[in-house]
Amino acid sequence: MYHAVSCIKKIAQQTNEVILFHSGTGKDSIALLDLCSPYFKRVVCVYMYMVKDLEHINKYIIWAKNKYTNAEFIEVPHYVLSQYIRDGYLGCRKNPKQRVYQLSNIVNMVKKNTGIQWAIFGFKQSDSMNRRLMLRTYEDESIYTKTQNAYPLSKYKNKDVQAYIKYKKLVPPVVYGKGQSQGCDVSSPAFLWYCKNYHPNDYQKIIKEFPATERILFEALNYNPQYEN
């Protein structure tokens, strides 16, 4: 993780506090908080929720706060949620007047509210072609001074992050399904299946907010042998 640490040190030369966009249960977030904690006095982790207070995610947040005394968490609605609410997607309560946000809107809001200018994200070049093209234009392929955003994991692959977590004996990330990212995707059968089978209270919260998700899982269970009780 030499390149990641080098990126983080450069940010730490300019500030002793940083914002970290944290998914709660994802490998990139778990690794980044461990990498950032030694170099900043204060790490404000921002968790963007689709459904509030999911138990399996809260457990990871509690673990992180207990392990890293300089870490704190704030929770804000995911920017995608604004689009869902405006459209009434998956049966959620519709509000046609809902303003639709982008990630940049959330980033700017958090920076303004916390007074912290630098933010760190878990984007990697291996995530997609668009991210590869974007990140390669930045300083060291990881720092964008204009927006004061940094991407320490830019040059790494998933297996590198997983190896770091194992080496440091950190809490293992949640894996919702084969090839499924750790994000809370309420339209994903893998995510819904995981919640129903291992965290039924979370599943009930999800279908309360998004009633149509119950049909998504029903169809997956009936037509996809991957999801079996």
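What you are looking at is a predicted structure, and each value in this text was computed from that prediction instead of being measured.

## Description of the state of the cysteines
Working step 1: Enumeration over the complete set of coordinates arrives at zero disulfides.
Working step 2: In this structure Cys 184 is a free cysteine whose sulfur lies 6.8 Å from that of Cys 195, the closest cysteine sulfur available.
Working step 3: The class of Cys 184 is buried, set by a relative accessible area of 18%.
Working step 4: Taking the relative accessible area as the measure of exposure, Cys 195 reaches 0% and is therefore buried.

## Observations concerning the environment of Pro 38
Working step 1: With respect to the helices and strands, the residue Pro 38 is situated in the loop between helix H2 (27-36) and strand E2 (42-49).
Working step 2: Along the primary structure Pro 38 and Tyr 68 are separated by 30 residues, whereas in three dimensions their C-alpha atoms are 9.2 Å apart.

## Structural notes on the side chain of Asp 28
Working step 1: Mapped onto the secondary structure, Asp 28 falls in helix H2.
Working step 2: With near-sequence residues (within four places) excluded, Asp 28 lies in contact with Gly 122, Lys 124, Leu 153 and Val 161.

## Some words on the nonpolar core
Working step 1: Counting residues in each nonpolar core, the largest one holds 58 residues, and the members touching the most others are Leu 33, Leu 35, Val 186, Phe 191, Ile 206 and Phe 210.
Working step 2: Here this core takes six residues from H2, the largest share from any one element.
Working step 3: Discounting residues that sit within four places of it in the chain, Leu 35 has contacts with Met 1, Ala 4, Val 5, Ile 8, Leu 153 and Tyr 164.
Working step 4: Membership of the second largest hydrophobic core comes to 16 residues, among which are Phe 21, Ile 116, Ala 119 and Tyr 151.

## A look at the pairing of strand E3 (residues 71-77)
Working step 1: In terms of strand pairing, E2 meets E3 through seven bridges, oriented parallel. What sits directly across from Met 48, in E3, is Val 76.
Working step 2: Handedness of the crossover is the feature at issue here: the chain leaves E2, passes through helix H3 (residues 55-67), returns alongside E3, and the resulting connection is right-handed.

## Some remarks on the sheet that holds strand E4 (residues 119-120)
Working step 1: Strand order across the open sheet formed by six strands is E3-E2-E1-E4-E6-E5, with mixed pairing between neighbours. Either end of the sheet is taken by a strand with one partner, and the two such strands are E3 and strand E5 (143-144).
Working step 2: As paired elements, strand E1 (residues 17-21) and E2 share five bridges and run parallel to each other. Pairing of Ile 19 across the sheet is with Val 44, part of E2.
Working step 3: Across the sheet, helix H5 (residues 103-114) touches E1, E2, E3, E4 and strand E6 (149-150), and the angle it forms with E1 is around 150 degrees.

About the thresholds
Residues numbered from 1 in each chain as written. Predicted model: local features only at pLDDT ≥ 70, side-chain atom pairs only at ≥ 80, totals over all residues. Heavy atoms only, no water. Disulfide = S-S within 2.5 Å. Buried < 20%, exposed > 50% of the residue type's maximum accessible area, 1.4 Å probe, protein only. Helix = DSSP H or I, 4+ residues; strand = E, 2+ residues; numbered from the N terminus. Contact = heavy atoms within 4.5 Å. Core = buried A, V, L, I, M, F, W, Y, C linked by side-chain atoms within 4.5 Å. Pairing = 2+ DSSP bridges. Right-handed = clockwise from strand over helix to strand, strands pointing away. Axes fitted to C-alpha atoms, helices over the stretch in contact; angles between N-to-C directions.

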